[in-house]
Amino acid sequence: MEKQSIYGLTIEELTNWFLENGEKKFRAAQVWEWLYQKRVKDFSEMTNLSKNLITKLTDQFVINPLKQIVVQEATDGTVKYLFELPDKNMIETVLMRQEYGLSVCVTTQVGCNIGCTFCASGLLKKNRDLTAGEIVAQIMMVQHYFDERQEGERVSHVVVMGIGEPFDNYDNVMNFLHIINDAKGLAIGARHITVSTSGLANKIKEFADNGLQVNLAISLHAPNNEIRTSIMRINRSFPIEKLMAAVDEYLEKTNRRITFEYIMLNQVNDRPEHAQQLADLLKDKKKLTYVNLIPYNPVSEHDQYSRSPKADVLKFYDVLKKNGINCVIRKEHGTDIDAACGQLRSKQMKKEKATTK
Ligand code: SAH
Ligand code: SF4
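- The name recorded for the protein in an unreviewed UniProt entry is Probable dual-specificity RNA methyltransferase RlmN, from Enterococcus hirae.
- Word for word, the UniProt comment on the protein under Subcellular location (unreviewed entry) is "Cytoplasm".
- According to its UniProt record, the protein has this under Sequence similarities (unreviewed entry): "Belongs to the radical SAM superfamily. RlmN family."

1. Brief notes about the pairing of strand β9 (residues 155-160)
Right, so step 1: Burial of β9 is extensive: five of the six residues sit out of reach of the surface.
Right, so step 2: Relative to strand β10 (residues 193-197), β9 runs parallel, the two sharing three bridges. For Val160, the partnering residue across the bridge sits in β10 and is Val195.
Right, so step 3: Once the chain exits β9 it traverses helix α5 (residues 170-181) before rejoining the sheet at β10, and the crossover so formed is right-handed.

2. Some remarks on the site of ligand 2
Right, so step 1: Taken together, 10 residues lie around ligand 2, and Cys112, Ile114, Cys116, Cys119 and Ser198 are the ones closest in.
Right, so step 2: Its residues assigned to classes, the shell around ligand 2 comprises five nonpolar, five polar and no charged.

3. Notes on the UniProt feature "binding site: S-adenosyl-L-methionine" (unreviewed entry) in the protein
Right, so step 1: Taking the UniProt record as the reference, the feature "binding site: S-adenosyl-L-methionine" (unreviewed entry) is found at Gly164, Glu165, Ser196, Ser219, Leu220, His221 and Asn297.
Right, so step 2: When you line up the elements, Ser196 lands in strand β10.
Right, so step 3: Exposure remark for Ser196: the relative accessible area of 9% places this residue in the buried category.
Right, so step 4: Discounting residues that sit within four places of it in the chain, Ser196 has contacts with Val160, Met161, Glu165, Pro166, Ala217, Ser219 and Glu261.
Right, so step 5: By secondary structure assignment, the location of His221 is in the loop between β11 (215-219) and α7 (225-231).
Right, so step 6: A relative accessible area of 4% means that His221 is categorised as buried.
Right, so step 7: Non-local contacts of His221, meaning those with residues more than four positions away in its chain, are made with Phe118, Ile231, Met232, Glu261, Tyr262, Ile263 and Asn269.

4. A word on the nonpolar core
One recurring pattern in soluble globular proteins: nonpolar side chains tend to sit buried together.
Right, so step 1: Formed by 109 residues in total, the largest nonpolar core has its most connected members in Leu57, Ile139, Phe176, Leu177 and Phe207.
Right, so step 2: No other element matches helix α4 (residues 132-149), which puts nine residues into this core.
Right, so step 3: When residues of this core are assigned to domains, at least three map to each of domain 1 (6-60) and domain 2 (67-356).
Right, so step 4: Contacts of Leu177, omitting those with residues within four sequence positions, involve Val160, Ile193, Val195, Phe207, Leu212 and Val214.

5. Notes on the side chain of Arg39
Right, so step 1: For Arg39, the position within the fold is in the loop between α2 (25-36) and α3 (51-60).
Right, so step 2: The class of Arg39 is buried, set by a relative accessible area of 13%.
Right, so step 3: A polar contact is formed between the side chain of Arg39 and the backbone oxygen of Tyr36, at a distance of 3.2 Å.
Right, so step 4: The residues touching Arg39, leaving out its near neighbours within four places in the chain, are Glu33, Trp34, Met140, Gln143, His144, Asp147 and Arg154.

6. Overview of the domain arrangement of the protein
Interfaces are often sized by the accessible area lost when the parts come together.
Right, so step 1: The domains assigned to the protein are domain 1 (6-60) and domain 2 (67-356).
Right, so step 2: Computed over C-alpha atoms, the centres of domain 1 and domain 2 are 33 Å apart.
Right, so step 3: Taken residue by residue, the interface counts 13 residues in domain 1 and 16 residues in domain 2.
Right, so step 4: Counting each side, the surface lost to burial between domain 1 and domain 2 is near 1,200 Å², with a carbon and sulfur contribution of 60%.
Right, so step 5: Our enumeration of links across domain 1 and domain 2 arrives at two salt bridges.
Right, so step 6: A salt bridge links Arg39 to Asp147; the nearest nitrogen and oxygen atoms lie 2.7 Å apart.
Right, so step 7: At the junction of domain 1 and domain 2, the tally comes to five residue pairs in polar contact (both at pLDDT 80 or more).
Right, so step 8: For the side of domain 1 that touches domain 2, the secondary-structure elements that each account for two or more residues are α1 (11-20) and α2.

7. Concerning the pattern of salt bridges
Right, so step 1: With the rule as written, the count across this model stands at 22 salt bridges.
Right, so step 2: With a shortest N-O distance of 3.8 Å, Lys67 and Glu84 are connected by a salt bridge. Within this pair, whereas Lys67 is found in strand β3 (residues 67-73), its partner Glu84 is found in strand β4 (residues 79-84), the two being separated by 17 residues in sequence.
Right, so step 3: Taking relative accessible area as the criterion, Lys67 reaches 47% and is therefore assigned partly exposed.
Right, so step 4: Given the relative accessible area of 14%, Glu84 is considered buried.

What counts, and at which threshold
Residues numbered from 1 in each chain as written. Chains lettered and ligands numbered in written order. Predicted model: local features only at pLDDT ≥ 70, side-chain atom pairs only at ≥ 80, totals over all residues. Heavy atoms only, no water. UniProt positions renumbered as here; feature names shortened; annotations may be inferred. Buried < 20%, exposed > 50% of the residue type's maximum accessible area, 1.4 Å probe, protein only. Helix = DSSP H or I, 4+ residues; strand = E, 2+ residues; numbered from the N terminus. Pairing = 2+ DSSP bridges. Right-handed = clockwise from strand over helix to strand, strands pointing away. Near = heavy atom within 4 Å. Nonpolar A, V, L, I, M, F, W, Y, C, P; charged D, E, K, R; others polar. Contact = heavy atoms within 4.5 Å. Core = buried A, V, L, I, M, F, W, Y, C linked by side-chain atoms within 4.5 Å. Domains from an automatic or database assignment. Polar contact = N/O pair within 3.5 Å; in protein donor to acceptor, adjacent residues only side chain to side chain. Buried area = accessible area lost by both parts, 1.4 Å probe. Salt bridge = Lys/Arg side-chain N within 4 Å of Asp/Glu carboxyl O.

Put into structure tokens, the structure is as follows:
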């Protein structure tokens, strides 16, 4: 059987493992520090542990389950990583340089079953969920990459916006959030973490109760059910009314801001009347919501879509602003290196198919 990654354990779970194995509790704290503060890559480097304990740990766990296959660095500093999992599946992780720090975009599943018609990740059906350890390991691979440069740069922000639907892998994603948020570990602040969902209304309600101050983003992408169903199948199960009811409950419980993501698709959802419908939809929650207008990243398999012209994006933005809706037009990152979710992976898989033919 595949050994489990120790990165998948919360500090409570790690402490329990030590107690169950006849070890002292403080040993768990020491290992935690080696993993997340000193960030060693091998148990043998944990020099304040006994040989016996190191053997026990090595027998039971691996540290990092990922293998780096491709790294691409864009001119704007964006770095895209392709990693191989122990079962040979591949995932992508993206590092973006923002004015406020280093932000990592993590993958949560191998493929995605939601199947949005504009998305490269949804082209490949979900093969499996990632474990919490495999999600934490993505952050650690990026942090190690910067540790090696010895410039003291730290991953300060995390967005759960890579391949997969995080709320379709809810428990592992919640454990991941607890692990990276732990004050004695990576200590990535909850307010510096954003989880993006395609709109699983039942899970949005559950997320409201989880106690972490993590930001929520919702991929809305359309102002009415007709358009939304045509581009996001999930809208059949959770139409806009159900989604908005969950949003209201979330806002009520948490009083935290929600971001609505809206990809601008030329002639599909980018007309001024769509902007008006969107403003009407959000008018009773203006204070706690904002809209992120996202340029469409062309996906060759989805050639029915193209990017909205700049003038149309500005018109759309103006209608929202006139209605008092908070709104930003998202800046792009790493366009010269296939930085859109799923693109590097789908390219690599095509290459492999071509060479195995
Ligand atoms: N499954 C989650 C999180 C991963 S997708 C979700 O859908 O929210 C992260 C974001 O990238 C989503 O807002 C998604 O709609 C967007 N996205 C997907 N394909 C895109 C593309 N080709 N161009 C621009 N954004 C895209
Ligand atoms: Fe899945 Fe999100 Fe892509 Fe839709 S946009 S297919 S939910 S990864």
